[in-house]
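Secondary and tertiary structure notes
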Amino acid sequence: MLPFTVNFKVSARTLTGALNAHNKAAVDWGWQGLIAYGCHSLVVVIDSNTAQTLQVLEKHKADVVKVKWARENYHHNIGSPYSLRLASADVNGKIIVWDVAAGVAQCEIQEHAKPIQDVQWLWNQDASRDLLLAIHPPNYIVLWNADTGTKLWKKSYADNILSFSFDPFDPSHLTLLTSEGIVFISDFSPSKPPSGPGKKVYISSPHSSPAHNKLAAATGAKKALNKVKILITQEKPSAEFITLNDCLQLAYLPSKRNHMLLLYPREILILDLEVNQTVGVIAIERTGVPFLQVIPCFQRDGLFCLHENGCITLRVRRSYNSIFTTSNEEPDPDPVQELTYDLRSQCDAIRVTKTVRPFSMVCCPVNENAAALIVSDGRVMIWELKSAVCNRNSRSSSSGVSPLYSPVSFCGIPVGVLQSKLPDLSLDNMIGQSAIAGEEHPKGPVLQEVHLRFLLTGLLSGLPSPQFAIRMCPPLTTKNIKVYQPLLAVGTSNGSVLVYHLTSGLLHKELSVHSCEVKGIEWTSLTGFLSFATSTPNNMGLVRNELQLVDLPTGRSIAFRGERGNDESPIEMIKVSHLKQYLAVVFKDKPLELWDVRTCTILREMSKNFPAITALEWSPSHNLKSLRKKQLATREAMARQTVVSDTELSIVESSVISLLQEAESKSELSQNISAREHFVFTDNDGQVYHLTVEGNSVKDSARIPPDGSMGSITCIAWKGDTLVLGDMDGNLNFWDLKGRVSRGIPTHRSWVRKIRFAPGKGNQKLIAMYSDGAEVWDTKEVQMVSSLRSGRNVTFRVLDVDWCTSDKVILASDDGCIRVLEMSMKSTCFRMDEQELTEPVWCPYLLVPRASLALKAFLLHQPWNGQYSLDISQVDYPENEEIKNLLQEQLNSLSNDIKKLLLDPEFTLLQRCLLVSRLYGDESELHFWTVAAHYLHSLSQEKPVGTPGSKETVPRGKVNNPLDICYDILCENAYFQKFQLERVNLQEVKRSTYDHTRKCTDQLLLLGQTDRAVQLLLETSADNQHYYCDSLKACLVTTVTSSGPSQSTIKLVATNMIANGKLAEGVQLLCLIDKAADACRYLQTYGEWNRAAWLAKVRLSSEECADVLKRWVDHLCSPQVNQKSKALLVLLSLGCFFSVAETLHSMRHFDRAALFVEACLKYGAVGVTEDTEKLISAIYADYARSLKNLGFKQGAVLFASKAGAAGRDLLNELESPRQEQTEE
């Protein structure tokens, strides 16, 4: 075995190019950090950190229109491991669910043969993770089990459905965007199709609104804002209003409940669904660039917007606050209540042309701090958001926009100024929460103003659009094994030559060589090639021929034929001889030229009466053997010249000697000795000529008459003693030169475009290319090995073929891709773990399930043996070396910032859990640890030290650093109430019809804002049918405060109302007499669980509220609802930490339970009693067992020893093999 390694293993792969118009929306960024996008009928998977292609999935027969990664919001263990699941849908209505790592299709789904409009994985229920909802045109929604491919239910609607969006806060709410309007579905469930046609609403055109003249003088602007009403009506409005078709997109805001955005080319509307009313407009001025797409954020109230020029902007909601009015402005008497989104950052635009335009954008779902732009030419640009702290003095520049502040906490826990943190980890670690109206920002030195900017951190470019001329570099031999690189040269239609490195699939060099389409390439050595291009012919049929000799290491290119080339007959082909000494240049209507490649001189231009050439090939035979003796002499001379001993000769890699080894002919050059070589060609009549070239003499040596069975010969291939001819009619003629027999075989495939032998000694395989595909033949046996036909087994047309190695072929096709395939020419996806990557990729999903979970435990339970280390060999993990090396590679691929955090002793356990859940892209962990960290920290701060026994505490009063409002019901009550009040004020300002006013009144009454509600009730005009009713209600509300019998009457009326189906009205009456707790109970009885929780949080004392929420928890845990993961979060927000640990243990989430218990003990949040002791040791023992199953011995020992009595047996079991080893 040689003492060094050169990687020349080439795996089957596909190099992709420009996209198709159908692929426009086919892109998704998964929780695992991988981006998938459609390219024609392929699905390409790339890593977002290193911008490397990891996988190309090929099975669709038509263009891909949608791709969606499965969500990761479930508890991962050995039974349900981290895996890469992706659904892709195509124009013909087929959906394929992939196991991306293995590159295999798990399931194929087909309903109709029309393009799928939208697909989404259901993420909300704990029962099944395999459900996929799809829109099958024109108007069906179908729920599929994506594991088995079975259809669970199907439902049709009246209008054509364009897309849909799930309410992130309530999984039973689904909204469809149709060609006519919007359909709200409120009873979506996986078990049965929605009943009824849904609630249909129409939208009147926003363009009738003066949204564009918003920038008028202040008074005008206010009036204009009040007119921007997008009326949502139940009955169909008149035709001039309906312009919904220009609504590009509909999406719920994940950052706050019941808000939705509608995207139009020139404005974004924010609707509040409780009152069906526009509460915010983001409009573009007349000169601005229209929107294409918008992605609302979860962690902060922000929007990523993509514009038609490829520019991505981030807009963040402005907070209204007294501290933001700068001195030179007068404070506004009535602060305009408006959701304003300020532009905070934008990236550079791209150059948009007819063929190059932005397709779509995706945003990182885990951290929301990066966006990827997919461009129609196959480029993927990854923009990352970076934050920079700026000093207070530079404020004036920011044009009156309120500043953004960095958050107080990092990874869920407030940190000091000096503690290490990584603000760019995620959006919520970059910028703090927007303050709610009337709430002061906490002042102090901790508050730092930040600016955001986009940075291009990844760029992946595809192949240019076809045509292609491809040529693989000379094959690997024992002589060039030290320097060999598998390079493929691709000539393109714009005149440049791209050189790809086929072990990594990356672009090695892009050389601008020609000014017109490259027609052919021939390598002259491993580091140089000749390429030719011809311009379009003029009216006399003459062109400009360009023939360039390119040196790859330097990129230098020289005109090989010097001044020749203008206004002459086009070059048909160039052929370099076997020893790379001579070059034959064949023209269309001009005699052959023979050149010396080594000196760039012409040897012979044939005479005018020389026959026209249809095909030409150099012979592999030459007289080099007889020149060996002379050569030895030259070798010795060279050895003396360079003062290198003969033994060292093989090691020295000076360019002279490596060239000498690569083609021995070069050594004769110094003595002006040339080996004799031969070539054959055919003329129009099919006669075969044989010529000999030696030095500068060309001799005609033999002619063979034409074969009667062959038509006009189009190509020749020669290897060893086999010569193969192909003709216009698809016949192949195999000549055995030794046995002097020929054999003709009709393939019935029309014109043979090209035939080429495979490299490798004694390898007699041959590839033939036809106008409709390609075939591989074995010339020894004279039989076909494999065949590929356009339209039959593939959708693309083959443009060019070549051999990559002795057993792999390369096909360039008209879908802009270049495929490296096995000899069978079956399109295959590869296993991702077999692939050679130039840069390591952090993706634990690629490891085997046991290893990825063991790696997680290794990161979470630092330090090991009192040492913080990222070296896995330090711990007792008796797995085989290969897996250990893979784990170590994963650890090494982490960025230095992340490594620094993981190794920091001050980085707490909770922060570590949050960081690891981000690294793994584990959705359920991320939410669990965010809420857990928040409440463990805030409750431990409030609790008096003296009472460690009090099991549960409830937060009170003013909240300093509240939980983000995107967690909705889980937020602190005080913060939640403030948010609801701000919201109802906004609704009130924006109301335009009686309907809206009525809804506002209802909200105000529930919130206890009686004075404001009475004002609104008295606004009802006398000609309104509800005038009398509303007036009486106003009287009732004002007088209700008097106690006594009135209360009992009202209570009686309320209960009667509720019993007779008027639930909302009854609840309102109960709230009037401060019986909100009863109201909550009624709501829960009638199944309005979310409404009850909302009411409890805004009206009840913390103890009463906790009772209501605990009842809700029991409901969520019941088997028919089965939303235990949500119940856990509610328990966390109530501070019932012991119940959380119990529930986790009962759900068999041992890892999370063990970590949670450790965190609780650190914070003293769980009192130490017998019950808790028992539970804790049970959790530790079970966790130790699960670590033992992963083969992670040291972790198992650690937790078994913590478990006390419960873990004793396990500990003995783990210790005993150790003792045996030591005894041996």
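Residues numbered from 1 in each chain as written. Predicted model: local features only at pLDDT ≥ 70, side-chain atom pairs only at ≥ 80, totals over all residues. Heavy atoms only, no water.

The protein appears in an unreviewed UniProt entry as WD repeat-containing protein 11 from Ursus americanus.

Considering the sheet that holds strand 2 (residues 27-29)
Reading across the sheet, the four strands line up as 2-3-4-5 and stay open at both edges, with antiparallel pairing between neighbours. A strand with exactly one partner marks an edge of an open sheet, and here the two such strands are strand 2 and strand 5 (53-58). Neighbour to neighbour, the strand axes of the sheet diverge by 15° on average, direction disregarded. Pairing of strand 2 with strand 3 (residues 34-39), which is carried by three bridges, proceeds in the antiparallel orientation. Opposite Trp29, over in strand 3, you have Ile35 as the bridge partner. (Pairing = 2+ DSSP bridges. Helix = DSSP H or I, 4+ residues; strand = E, 2+ residues; numbered from the N terminus. Axes fitted to C-alpha atoms, helices over the stretch in contact; angles between N-to-C directions.)

Regarding the pattern of salt bridges
Taken as a whole and judged by the stated rule, the model has 52 salt bridges. For the salt bridge of Asp596 with Arg598, the shortest nitrogen-to-oxygen distance reads 3.2 Å. With a relative accessible area of 16%, Arg598 lands in the buried category. With a shortest N-O distance of 2.4 Å, Lys754 and Asp800 are connected by a salt bridge. Placement of Lys754 in strand 54 (residues 752-757) and of Asp800 in strand 58 (residues 798-805) is noted, with a sequence separation of 46 residues between them. Because the salt bridges share partners, they merge into one network encompassing Arg561, Arg564, Glu568, Lys590, Glu593 and Glu605. (Salt bridge = Lys/Arg side-chain N within 4 Å of Asp/Glu carboxyl O. Buried < 20%, exposed > 50% of the residue type's maximum accessible area, 1.4 Å probe, protein only.)

Regarding the packing of helix 18 (residues 1076-1085) against helix 19 (residues 1089-1099)
Running from N to C, helix 18 and helix 19 point in directions that differ by 165°, and their axes come no closer than 8 Å. Here helix 18 lies roughly antiparallel to helix 19, going by the angle between them. In terms of crossing hand, the pair formed by helix 18 and helix 19 is left-handed. Across the interface between the two elements, Ala1076, Ala1079, Cys1080, Leu1083 and Gln1084 from helix 18 touch Trp1089, Arg1091, Ala1092, Leu1095, Ala1096 and Arg1099 from helix 19. Looking at side-chain class alone, the contact of helix 18 with helix 19 contains eight nonpolar, one polar and two charged residues. (Parallel < 35°, antiparallel > 145°, perpendicular 65-115°, else oblique. Left-handed = near helix turned anticlockwise from the far one by under 90°. Contact = heavy atoms within 4.5 Å. Nonpolar A, V, L, I, M, F, W, Y, C, P; charged D, E, K, R; others polar.)

Remarks on the sheet that holds strand 60 (residues 818-822)
Judged by pairing direction, the sheet is antiparallel, and its four strands sit side by side in the order 1-60-59-58 without closing on themselves. The two strands at the open ends of the sheet, each matched to only one other strand, are strand 1 (13-15) and strand 58. Strand-to-strand twist of the sheet, defined as the mean angle between neighbouring strand axes without regard to direction, takes the value 20°. The pairing of strand 58 with strand 59 (residues 808-813) spans six bridges and is antiparallel. When the sheet's bridge partners are listed, Trp803 is paired in strand 59 with Val809.

Let's talk about the environment of Asp876
Checked against the element boundaries, Asp876 lands in the loop between helix 7 (849-860) and helix 8 (881-892). On the basis of relative accessibility, which here comes to 26%, the residue Asp876 falls in the partly exposed class. Sequence separation between Asp876 and Lys1193 is 317 residues, and the spatial gap between their C-alpha atoms is 5.9 Å.

Examining the environment of Ser1101
Within the secondary structure layout, Ser1101 lies in the loop between helix 19 and helix 20 (1102-1117). The exposure class of Ser1101 is partly exposed, given its relative accessible area of 35%. Put simply, Ser1101 and Ala1077 are 24 residues apart on the chain and 9.4 Å apart in space, counted from C-alpha to C-alpha.

Looking at the packing of aromatic side chains
Enumeration according to the criterion identifies 25 aromatic pairs in this entry. Arranged with centres 5.7 Å apart and planes meeting at 65°, the rings of Trp153 and Phe188 form a pair that is edge-to-face. Of this pair, Trp153 sits in strand 13 (residues 150-156) while Phe188 is found in the loop between strand 16 (182-185) and strand 17 (199-203), placing the two residues 35 residues apart along the sequence. Aromatic pair Phe928 and Phe1156: ring centres 5.8 Å apart, planes at 65°, arrangement edge-to-face. With a gap of 228 residues between them, Phe928 in helix 11 (residues 923-942) and Phe1156 in helix 23 (residues 1150-1163) connect regions that are remote in the sequence. Of the residues examined, Phe928 reaches a relative accessible area of 2% and is grouped as buried. Three or more aromatic residues joined by ring pairs form one cluster here, namely Tyr582, Phe610, Trp618, Phe679, Phe681 and Tyr689. The positively charged end of Arg129 is found above the aromatic ring belonging to Tyr74, 3.8 Å away from the centroid. Above the plane of the ring of Tyr920 lies Lys856, whose end atom (NZ or CZ) is 5.7 Å from the centre. (Phe/Tyr/Trp six-rings, centres within 6.5 Å; stacked < 30°, edge-to-face > 60°. Lys NZ or Arg CZ within 6 Å of the ring centre and 35° of its normal.)

Description of helix 11
Under the 1.5 Å per step criterion, the end-to-end length of helix 11 is 29 Å for 20 residues, consistent within 8% with the ideal 28 Å. In terms of burial, helix 11 is largely enclosed, as 17 of its 20 residues are buried. Put simply, Asp922 is the residue that caps the front of helix 11, since its side-chain oxygen is 3.4 Å from the backbone nitrogen of Ser924. (Expected span 1.5 Å × (residues − 1). Polar contact = N/O pair within 3.5 Å; in protein donor to acceptor, adjacent residues only side chain to side chain.)

Looking at the state of the cysteines
Counted under the stated rule, the structure contains zero disulfides. Between Cys817, a free cysteine, and Cys39, which holds the nearest cysteine sulfur, the sulfur-to-sulfur gap is 4.4 Å. (Disulfide = S-S within 2.5 Å.)

Looking at helix 19
Counting buried positions along helix 19 gives eight out of 11 residues, so the element sits mostly inside the fold. Where helix 19 is concerned, the buried positions are Trp1089, Ala1092, Ala1093, Trp1094, Leu1095, Ala1096, Lys1097 and Val1098. Where helix 19 is buried, its residues contact helix 12 (973-990), helix 13 (994-1007), helix 17 (1063-1072), helix 18 and helix 20.

What about the nonpolar core?
Core analysis: the biggest nonpolar cluster contains 187 residues, and Tyr37, Leu1095, Phe1137 and Phe1156 have the highest contact counts within it. Taken domain by domain, the makeup of this core includes at least three residues from each of domain 1 (13-206 + 228-320 + 337-391 + 402-439 + 447-460) and domain 2 (849-941 + 1136-1218). Among residues more than four places away in sequence, those in contact with Leu1095 are Leu1006, Val1067, Cys1071, Ala1076, Ala1079, Cys1080, Leu1083 and Leu1100. (Core = buried A, V, L, I, M, F, W, Y, C linked by side-chain atoms within 4.5 Å. Domains from an automatic or database assignment.)

A short note on the pairing of strand 45 (residues 601-605)
Relative to strand 45, strand 44 (residues 593-596) runs antiparallel, the two sharing four bridges. From the neighbouring strand, Asp596 faces strand 45, where its bridge partner is Thr601. In textbook terms, the turn of a hairpin is the stretch between consecutive antiparallel strands, and for strand 44 and strand 45 this stretch comprises four residues, one of which, Cys600, has a positive phi near 55°.

A look at the packing of helix 19 against helix 20
Contact geometry for helix 19 and helix 20: axes closest at 9 Å, N-to-C directions at 160°. Classed by the angle they form, the pair helix 19 and helix 20 counts as roughly antiparallel. For the element pair helix 19 and helix 20, the recorded crossing hand is left-handed. Each of Trp1089, Asn1090, Ala1092, Ala1093, Ala1096 and Lys1097 in helix 19 lies in contact with helix 20, whose residues at this interface are Cys1105, Val1108, Leu1109, Arg1111, Trp1112 and His1115. Broken down by class, the residue content of the contact of helix 19 with helix 20 amounts to eight nonpolar, two polar and two charged.

Some thoughts on a negative patch on the surface
Side chains of Glu1142, Glu1170, Asp1171 and Glu1173 sit close together on the surface and give a patch of like negative charge. Residue contributions to the negative patch peak at three residues, all from helix 24 (residues 1170-1189). Along the chain, the position of Glu1142 falls in helix 22 (residues 1137-1146). For Glu1142, a relative accessible area of 38% puts it in the partly exposed group. (Patch = residues over 30% accessible without salt bridge, like charges linked within 9 Å, V, L, I, M, F, W, Y side chains within 5 Å. Areas by Shrake-Rupley, 256 points an atom, 1.4 Å probe, with all protein chains shown as cover. Lys, Arg positive; Asp, Glu negative; His and termini not counted. Charge placed at Lys NZ, Arg CZ, Asp CG, Glu CD.)

Quick notes on the side chain of Arg918
One can find Arg918 in helix 10 (residues 909-920). By relative accessible area, which is 10% here, Arg918 ends up buried. The residues contacting Arg918, other than those within four sequence positions of it, are Gln299, Val366, Asn367, Leu425, Ser426, Asp428, Asn429 and Leu926.

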